[in-house]
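Residue-level structural notes
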Amino acid sequence: MKYALVTGGSRGIGRAVCLRLAALGYPVIINYKSNSGAAAETKQAVEEAGGHAELLQFDLSSQEQIEQAIESWQEAHKEDHIAVLVNNAGIRRDNLMVFMQNDDWNSVIDTSLNGFFYITRRLLKYMMTNRWGRIVNMTSLSGIKGLPGQTNYSAAKAALIGATKALAQEVAARNITVNAVAPGFIATDMTKDLPEDELRKMIPAGRFGQPDEVAAIVGFLVSDEASYITGEVISVNGGLYT
Ligand code: NAP
């Protein structure tokens, strides 16, 4: 069976992506770092909707944990493989650069960028052997435009865009597509401390987006209909930046 792995699938956009991919018929692997309660809720929601879901805890910033988790999953699923990878997990540690601590910089790069590298390299070999795969990388408006207070996050997300475009060209001949989705402001735990009333005045659509509105494009990008779309960055931002 072809599985879909969603990193950071326990909450927010990742949870909506899990539900969407399950609705498309994929058995879903829900990765999370520490919030086992939220991960279990996502699993339950997928199952209540008639889908199949499994939990796979690992910290994306640890290559060792990724290797162990994938190894043990593969051991338990000898006939199956992971054909769809949604690199969704991410964190914010905002500060002006002049005040930014090493840990703020390193933790954001480790999770969003190094994590992308470790897990994608690990799973690519299965996709290449099977001559089919879908990779969707969750970047951000911050990685396209740059946002003050987010040099770490903008750097990680811009690098993901470069990696998306380069990798897309490396693997296109094997029927593997690699695309990026760039949300603007989406209502999740990540944005709950932001002044929504102020910020929505800047958004042409006049509101924050919903996780489902991001998951919809992920669902399309992994479908067969999107087989000739690769190396693209698709914004989901209510017109905030075009
Ligand atoms: P969220 O609600 O804060 O959820 C973050 C998810 O990432 C959680 O599932 C969390 O797991 C997981 N995670 C964090 N660090 C991890 C690690 N080291 N290893 C494994 N999993 C880890 O975030 P969100 O708003 O849904 O954002 C999802 C993605 O969209 C992120 O890449 C974010 O940068 C991007 N994005 C979001 C927005 C927005 O406005 N919300 C805008 C642009 C881009 P736990 O539950 O275990 O903590």
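Refer to the structure above for everything that follows.
Let me begin by describing the structure that accompanies this report. These numbers were taken from a predicted model, which means no experiment stands behind them. (Residues numbered from 1 in each chain as written. Predicted model: local features only at pLDDT ≥ 70, side-chain atom pairs only at ≥ 80, totals over all residues. Heavy atoms only, no water.)

Brief notes about the overall build of the protein chain
- What the protein chain contains, in helices and strands, is eight helices and seven strands.
- The C-alpha atoms of the protein chain give a radius of gyration of 17 Å, which matches the 18 Å a tight globule of 242 residues would have.
- Each of the three principal axes of the protein chain carries a C-alpha extent, and together these read 50 × 35 × 35 Å.
- When the 242 residues of the protein chain are sorted by exposure, 50% land in the buried category.
- Each charge sign in the protein chain was given a centre, from 22 positive and 26 negative side chains, and these centres are 4 Å apart. (Helix = DSSP H or I, 4+ residues; strand = E, 2+ residues; numbered from the N terminus. Rg over C-alpha atoms; globule rule 2.2 N^0.38 Å. Buried < 20%, exposed > 50% of the residue type's maximum accessible area, 1.4 Å probe, protein only. Lys, Arg positive; Asp, Glu negative; His and termini not counted. Charge placed at Lys NZ, Arg CZ, Asp CG, Glu CD.)

Regarding the pairing of strand E1 (residues 2-6)
- Of all five residues making up E1, four are buried, and the element is well covered by its neighbours.
- Sheet topology note: the E1/strand E4 (residues 81-87) ladder contains five bridges and is parallel. Among the inter-strand pairings, leucine 5 is bridged to a residue of E4, identified as leucine 85.
- Relative to strand E2 (residues 28-32), E1 runs parallel, the two sharing three bridges. Its bridge partner being in E2, alanine 4 is matched across the sheet by valine 28. (Pairing = 2+ DSSP bridges.)

A closer look at the side chain of threonine 177
- Mapped onto the elements, threonine 177 comes out in strand E6 (residues 176-183).
- Given a relative accessible area of 3%, threonine 177 falls into the buried group.

Overview of the site of the ligand
- With respect to spatial proximity, 32 residues lie near the ligand, and among them Ser10, Ser34, Asn88, Tyr153 and Thr188 are the closest.
- In this structure, an oxygen atom belonging to the ligand sits 3.2 Å away from a main-chain N or O atom of glycine 8.
- The separation between an oxygen atom of the ligand and a polar main-chain atom of serine 34 is 2.7 Å.
- For the shell around the ligand, the secondary structure elements donating two or more residues are helix H1 (12-23), E2 and helix H6 (151-171).
- Counted by class, the shell around the ligand contains twelve nonpolar, 15 polar and five charged residues. (Near = heavy atom within 4 Å. Polar contact = N/O pair within 3.5 Å; in protein donor to acceptor, adjacent residues only side chain to side chain. Nonpolar A, V, L, I, M, F, W, Y, C, P; charged D, E, K, R; others polar.)

Quick notes on the packing of aromatic side chains
- Taken as a whole and assessed by the stated rule, the structure comprises three aromatic pairs.
- Between tyrosine 3 and tryptophan 73, the aromatic rings sit 4.9 Å apart at their centres with planes inclined by 75°, giving edge-to-face as the arrangement. Of this pair, tyrosine 3 sits in strand E1 while tryptophan 73 sits in helix H3 (residues 63-76), and the two are 70 residues apart along the sequence. An identical accessibility class is assigned to tyrosine 3 and tryptophan 73; each is buried. (Phe/Tyr/Trp six-rings, centres within 6.5 Å; stacked < 30°, edge-to-face > 60°.)

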